[in-house]
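So the chains spell out like this:
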Amino acid sequence: VYKRARECLNFLHWKPLVRRLFWRDGAYAQLHRWPDSPLLSIRRQYETEQWSGTKHMLKAWQQGKTGFPLVDAAMRQLWKVGWMPNYMRHVT
């Protein structure tokens, strides 16, 4: 796929496609290496971590009303368009 994409597409179209394929294939490799990763954290110390907030705090986060503009913008985008950029997932 990579070779064919490079042959058929110019650089402006080829590079983003290859980047997406790279991340997709990386996810498949991770699932092959750690088949329980959809259910369990790779870092086992996080398995015992507990939520320390309140229901009100959770609702504010879900609605994009935390008071942190970057977090709120990311959550509002998720509600409005149904997806969130990769980098914003790290913020929220």
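Coordinates for the structure precede this section.
Residues numbered from 1 in each chain as written. Predicted model: local features only at pLDDT ≥ 70, side-chain atom pairs only at ≥ 80, totals over all residues. Heavy atoms only, no water.

What to know about the pattern of salt bridges
At step 1: Under the definition given, this model contains two salt bridges.
At step 2: Close ionic contact of Arg-4 with Glu-7 constitutes a salt bridge, the shortest N to O distance being 3.6 Å. Placement of the pair is Arg-4 and Glu-7 together in helix α1 (residues 2–8), with a separation of three residues, close to one helical turn. (Salt bridge = Lys/Arg side-chain N within 4 Å of Asp/Glu carboxyl O. Helix = DSSP H or I, 4+ residues; strand = E, 2+ residues; numbered from the N terminus.)

Describing the environment of Lys-59
At step 1: Within the fold, Lys-59 resides in helix α3 (residues 55–63).
At step 2: Sequence-wise, Lys-59 and Trp-83 are 24 residues apart; in three dimensions their C-alpha atoms are separated by 18 Å.

Description of the packing of aromatic side chains
At step 1: Taken as a whole and assessed by the stated rule, the structure comprises one aromatic pair.
At step 2: A ring pair is formed by Phe-22 and Trp-23, whose centres lie 5.9 Å apart and whose planes are at 80°; its orientation type is edge-to-face. Across this residue pair, the class does not change: Phe-22 and Trp-23 are exposed. (Phe/Tyr/Trp six-rings, centres within 6.5 Å; stacked < 30°, edge-to-face > 60°. Buried < 20%, exposed > 50% of the residue type's maximum accessible area, 1.4 Å probe, protein only.)

Things to note about the packing of α3 against helix α4 (residues 69–81)
At step 1: Direction vectors running N to C along α3 and α4 enclose 70°, while the axes themselves pass 7 Å from each other. Put simply, α3 runs roughly perpendicular to α4. Contact residues: Trp-61, Gln-62 and Gln-63 in α3; Val-71, Met-75, Arg-76 and Trp-79 in α4.
At step 2: When the residues that make up the contact of α3 with α4 are grouped by side-chain class, the tally is four nonpolar, two polar and one charged. (Axes fitted to C-alpha atoms, helices over the stretch in contact; angles between N-to-C directions. Parallel < 35°, antiparallel > 145°, perpendicular 65-115°, else oblique. Contact = heavy atoms within 4.5 Å. Nonpolar A, V, L, I, M, F, W, Y, C, P; charged D, E, K, R; others polar.)

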